[in-house]
Amino acid sequence: MGTRLLWHMRLLKGLSSLRLTIGLLLWLVFMCILGTVIPQLPVQATADVSMATHVAGLLSLKDVFHSLWFLVPTIILGLNAAACMYLWRRTLERYRAEPPLPRAGLHEITMRTADIPEKVCSDFKVILAGTHKTVQYEDGGDPVIMGENGRVRVYAPFIVHAGIILILLGAGLGFLGYKGTIEIPVGQESNTVTLANGSIMHLPFRIKCEDFKIDYYENGMPSEYRSELTFVQDNDLSMHTSVLVNHPASHGGILFSQSGFNQNPVAALKVGTPSGTSRFRAAEGLIIRLKDTGYNVRVDKVAEDLMRMGPCVHLVIETPDAPKELWIFKEFNSIAAAHPGLVEKMPQLNPSLVTPYTFSLEGVTNSYATVLGINRDPGIVFVGLGSMLFLIGIIISFMVVHERVLITATEAPSGLVVKIARMKNGKPAAPEKYILEQEDSSLEVRS
Amino acid sequence: MNTTVLASVTFIYLASFLVFLMAEVSGKGTWARSGRMIVITGFIFQTAGIALRWFESHQAGIGHAPLSNFFESLVFFSWAVALLYLLYAWKDAKGLIGVFAMPVASLLMAYASFSPTIDTRIQPLIPALKSNWLIIHVVTCFLGYAAFFMASSFGIVFLMVKGSQENRGSIGDMLEKSLKTGFILFTFGIVTGSVWAHYAWGRYWGWDPKETWALITWLIYAAAIHVRIRDGSVSRRVAFMTVFGLASVLFTYFGVNYLPGLHSYQ
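Please read all numbers here as calculations on a predicted model, not as lab measurements. (Residues numbered from 1 in each chain as written. Chains lettered and ligands numbered in written order. Predicted model: local features only at pLDDT ≥ 70, side-chain atom pairs only at ≥ 80, totals over all residues. Heavy atoms only, no water.)

Concerning the pattern of salt bridges
Turning to step 1, where the next piece is worked out: Under the criterion given, the structure shown has 16 salt bridges over all chains.
Turning to step 2, where the next piece is worked out: With a shortest N-O distance of 2.8 Å, Glu72(B) and Arg53(B) are connected by a salt bridge. In this pair, Glu72(B) is assigned in helix H3 (residues 70-88) and Arg53(B) in helix H2 (residues 29-59), connecting sequence segments 19 residues apart. The exposure classification of Glu72(B) matches that of Arg53(B), with both residues buried.
Turning to step 3, where the next piece is worked out: Here Glu211(B) ties to Arg203(B) by a salt bridge, and the two come within 3.2 Å at their closest N and O atoms.
Turning to step 4, where the next piece is worked out: By relative accessible area, which is 7% here, Glu211(B) ends up buried.
Turning to step 5, where the next piece is worked out: Put simply, Glu148(A), Arg151(A) and Arg404(A) are held in one network by salt bridges that share partners. (Salt bridge = Lys/Arg side-chain N within 4 Å of Asp/Glu carboxyl O. Helix = DSSP H or I, 4+ residues; strand = E, 2+ residues; numbered from the N terminus. Buried < 20%, exposed > 50% of the residue type's maximum accessible area, 1.4 Å probe, protein only.)

In structure tokens, the structure reads:
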């Protein structure tokens, strides 16, 4: 049993050592530097990879902050803080309510007075009570007066380390959550989230983007992005909310923030064919199959204003001979009138280049899609609480001075000997003048 | 108008540096006292310049605290260095700390005011910066930077001063005070930044280069504080670590702008 206890204490002492703390902190500095110097890969999906690949990923420096090189020292740092807190109980014993007078650092005053020690101590208690919280007790038969200030500082290391442990615990719990983005075109619904590791997940409810707006300053800079959202649960509208940058919304324990937006210009195309006229609404990348011939038309580019000539669409038409490019301007007639012979010089501007079709552009409209950040983090409460505790702890630790003044009096042949000890943050300090000068005419001070 | 007032501060702080240099060379207290008076004059001008810029921002219909772009951050950093110099080195440090602190305050102002690459215009805020957390986050971070800078200045002096621990006593005390103040302020800055990031970007931490380097700086000074506890008082090792930490502070502020990230100044 004794050996077990010894082993237990040795492990705790080793874990709580300051040398280990300093070493771990500097190791984490090194890893963080590597994390900004070595290009980091995005988090990889782990569901479909082999165990060997997974372990290799954990050892890789291309994702330092999720590697064992970073996570293991961080866990040891948490254990280091926990061990400090455990052993801190012993330190508390030094600060128990009725401490003995220290052997070193005493100031002795010999008083030529007829008063008994209890009377002198009682007088000092009155003096100290003006500035300190005082208690009176006996030590070896002699009366002792203790004045104390800033006792809360004794608990500061506990508060600081508890804060660190809560932060690390919260960060660890964060791994059980998920982060990602969801893109929803205006007027549409979605529940498909692209996670940070590239995989797809579906939310248990749907989100409809009712509207997306961008406000601008007079100089053209964007001043606000705003998404109007409706959360749809089981075909019922459960909540309507606005999401702006700095004003996220929460639903079902998930935080939705305004992460960005995508702008998709859509062309309203008219195609005249032998069998009639067809109309299409086409965004970039769309492929249209033409009636009569079966040609494929790829919408390569849609522009609201191309080279100050107005709305334009660039089409690539797959014909049996070769692909043909067409630039269709909404204002083709006025452009052609202003530049006689244009179509002959630049046939790709001819709307009837590919027979038997005539293309025309009726207009270009912008279609927005909002991009929302998704974050479900079950550890955030712990991180918040831990941060507050840590801040409170360091403020107490650095700003509050724990002061104790111990005074005792004993009778001696030369007179009444008063012994005074003052400790600041556990270290001996000189007694304040106002205590030494209480009976200045009758004192002989010796430190 | 505000830029003219702020540019003049460059030369006032430069003058104080030269006077502090004279104080060290001559060993006369009169020079050191004059130097401190010049610093106070510069500090008053700088505070007035910042207030004027804030006022002009309101006049222009923009109306935000002057803490939102690189120019404004440089000015505030310089202001914070001067403030902490006045708070910590007023009585005890004589001219020596001024020799380290004031050229830096002057250089920051010179870079802000005269570099052709820095836009001194008052610009409206981008959506991400439109938050009440901006002021508290930036103020605490930059006061923290300045306190760490002061700690490293005291650290350099501590390493330079020959003799026993007692000779270094007051420098060591000031180093410890500024180290602790910087640590509290910088921790507060990181925490407020995390809260802000939670609202603005939907997560409190994202390993953005600025966040990572802020953590690096925090870890270095946390290590320095633990070395101080282990050694029982401010030692040469603590002093060395504060100087080492300054390199991290400078990279966190300047170097990270060259890395892609959400915090890069535009």
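Notes on the domain arrangement of chain B
Residues and elements named next belong to chain B.
Turning to step 1, where the next piece is worked out: On domain assignment, one finds that chain B holds domain 1 (1-125) and domain 2 (131-266).
Turning to step 2, where the next piece is worked out: Computed from C-alpha coordinates alone, the two centres of domain 1 and domain 2 are separated by 20 Å.
Turning to step 3, where the next piece is worked out: Each partner contributes to the interface: domain 1 provides 25 residues, whereas domain 2 provides 24 residues.
Turning to step 4, where the next piece is worked out: When the two sides are added together, the surface that domain 1 and domain 2 hide from each other amounts to roughly 2300 Å², 87% of it contributed by carbon and sulfur.
Turning to step 5, where the next piece is worked out: For the interface between domain 1 and domain 2, the tally reads zero salt bridges.
Turning to step 6, where the next piece is worked out: Between the two partners, domain 1 and domain 2, sit three residue pairs in polar contact (both at pLDDT 80 or more).
Turning to step 7, where the next piece is worked out: Counting only elements with at least two residues in the side of domain 1 that touches domain 2, the list comes to H3 and helix H4 (96-114).
Turning to step 8, where the next piece is worked out: When residues in the side of domain 1 that touches domain 2 are grouped by element, the largest group, eleven residues, is from H3.
Turning to step 9, where the next piece is worked out: Residue composition of the side of domain 1 that touches domain 2, by class: 22 nonpolar, two polar and one charged. (Domains from an automatic or database assignment. Contact = heavy atoms within 4.5 Å. Buried area = accessible area lost by both parts, 1.4 Å probe. Polar contact = N/O pair within 3.5 Å; in protein donor to acceptor, adjacent residues only side chain to side chain. Nonpolar A, V, L, I, M, F, W, Y, C, P; charged D, E, K, R; others polar.)

Brief notes about empty space enclosed by the protein
Empty space left among the atoms is revealed by rolling a probe the size of a water molecule over them.
All names here are of chain B.
Turning to step 1, where the next piece is worked out: The full count for this structure, using the stated rule, is one cavity of 30 Å³ or more.
Turning to step 2, where the next piece is worked out: Forming the boundary of the largest cavity are Leu 6, Ile 50, Arg 53, Pro 66, Phe 71, Glu 72 and Val 75.
Turning to step 3, where the next piece is worked out: Elements represented by at least two residues in the lining of the largest cavity include exactly H2 and H3.
Turning to step 4, where the next piece is worked out: For the lining of the largest cavity, the residue count by class is five nonpolar, no polar and two charged. (1 Å grid on protein atoms, 1.4 Å probe; cavity = no way out; pocket = protein on both sides within 12 Å on 5 of 7 lines; lining within 4 Å. Points joined across faces, edges and corners; volume = space filled by probe spheres on them.)

Here we look at unusual backbone geometry
All names here are of chain A.
Turning to step 1, where the next piece is worked out: Thr 355 connects to Pro 356 through a cis peptide bond whose omega is 10°.
Turning to step 2, where the next piece is worked out: In this fold, Pro 356 is placed in the loop between helix H8 (342-345) and strand S16 (358-376).
Turning to step 3, where the next piece is worked out: Phi at Asn 246 is positive, roughly 75°, even though this residue is not glycine.
Turning to step 4, where the next piece is worked out: Within the secondary structure, Asn 246 is located in the loop between strand S8 (236-244) and strand S9 (249-251).
Turning to step 5, where the next piece is worked out: A relative accessible area of 8% places Asn 246 in the buried class.

Side note on the interface of chain B and chain A
Turning to step 1, where the next piece is worked out: Contacts between the two partners involve 43 residues from chain B and, on the opposite side, 43 residues from chain A.
Turning to step 2, where the next piece is worked out: Here chain B and chain A share an interface that buries about 3700 Å² over both sides, 74% of which is from carbon and sulfur atoms.
Turning to step 3, where the next piece is worked out: On the chain B side of the contact with chain A, Pro127(B), Ile184(B) and Tyr204(B) bury the most area, a combined 17% of that side's loss.
Turning to step 4, where the next piece is worked out: Put simply, chain B and chain A have one salt bridge between them.
Turning to step 5, where the next piece is worked out: Measuring nitrogen to oxygen at the nearest pair gives 3.8 Å for the salt bridge that ties Lys130(B) to Glu224(A).
Turning to step 6, where the next piece is worked out: Applying the counting criterion to the chain B and chain A interface returns nine residue pairs in polar contact (both at pLDDT 80 or more).
Turning to step 7, where the next piece is worked out: Those elements giving two or more residues to the side of chain B that touches chain A turn out to be helix H6 (169-201) and helix H7 (209-231) of chain B.
Turning to step 8, where the next piece is worked out: At 16 residues, the largest contribution of residues to the side of chain B that touches chain A is made by H7(B).

Some remarks on the packing of H6(B) against H7(B)
Residue and element names in this part refer to chain B.
Turning to step 1, where the next piece is worked out: Closest axis-to-axis distance for the H6/H7 pair is 10 Å, and the angle between their directions is 150°. By the angle class used here, H6 and H7 are roughly antiparallel. The two elements H6 and H7 cross, and the hand of that crossing is left-handed. Within the contact between the two elements, H6 uses Glu 176, Leu 179, Phe 183, Phe 186, Thr 187, Ile 190 and Trp 201 and H7 uses Glu 211, Ala 214, Thr 217, Trp 218, Tyr 221, Ala 222, Ala 224, Ile 225 and Arg 228. (Axes fitted to C-alpha atoms, helices over the stretch in contact; angles between N-to-C directions. Parallel < 35°, antiparallel > 145°, perpendicular 65-115°, else oblique. Left-handed = near helix turned anticlockwise from the far one by under 90°.)

Details of the layout of surface pockets
All names here are of chain A.
Turning to step 1, where the next piece is worked out: Volume-wise, the second largest pocket comes out at about 390 Å³.
Turning to step 2, where the next piece is worked out: As for the second largest pocket, its lining consists of 20 residues, of which Arg 94, Pro 99, Pro 102, Arg 404 and Met 423 are closest to the centre.
Turning to step 3, where the next piece is worked out: Elements that contribute at least two residues to the lining of the second largest pocket include exactly helix H4 (68-94), strand S17 (403-412) and strand S18 (415-424).
Turning to step 4, where the next piece is worked out: Counting residues per element, the lining of the second largest pocket draws most heavily on S17, which supplies three residues.
Turning to step 5, where the next piece is worked out: A class-by-class count of the residues in the lining of the second largest pocket yields nine nonpolar, four polar and seven charged.

Some words on the nonpolar core
Turning to step 1, where the next piece is worked out: Tyr85(B), Met102(B), Phe154(B), Leu179(B), Phe183(B) and Trp218(B) are the most contacted members of the largest nonpolar core, which totals 98 residues.
Turning to step 2, where the next piece is worked out: Each of domain 1 (1-125) and domain 2 (131-266) of chain B accounts for three or more of the residues forming this core.
Turning to step 3, where the next piece is worked out: In this structure, Phe231(A), Val243(A), Leu372(A) and Ala128(B) belong to the second largest nonpolar core, which totals 23 residues. (Core = buried A, V, L, I, M, F, W, Y, C linked by side-chain atoms within 4.5 Å.)

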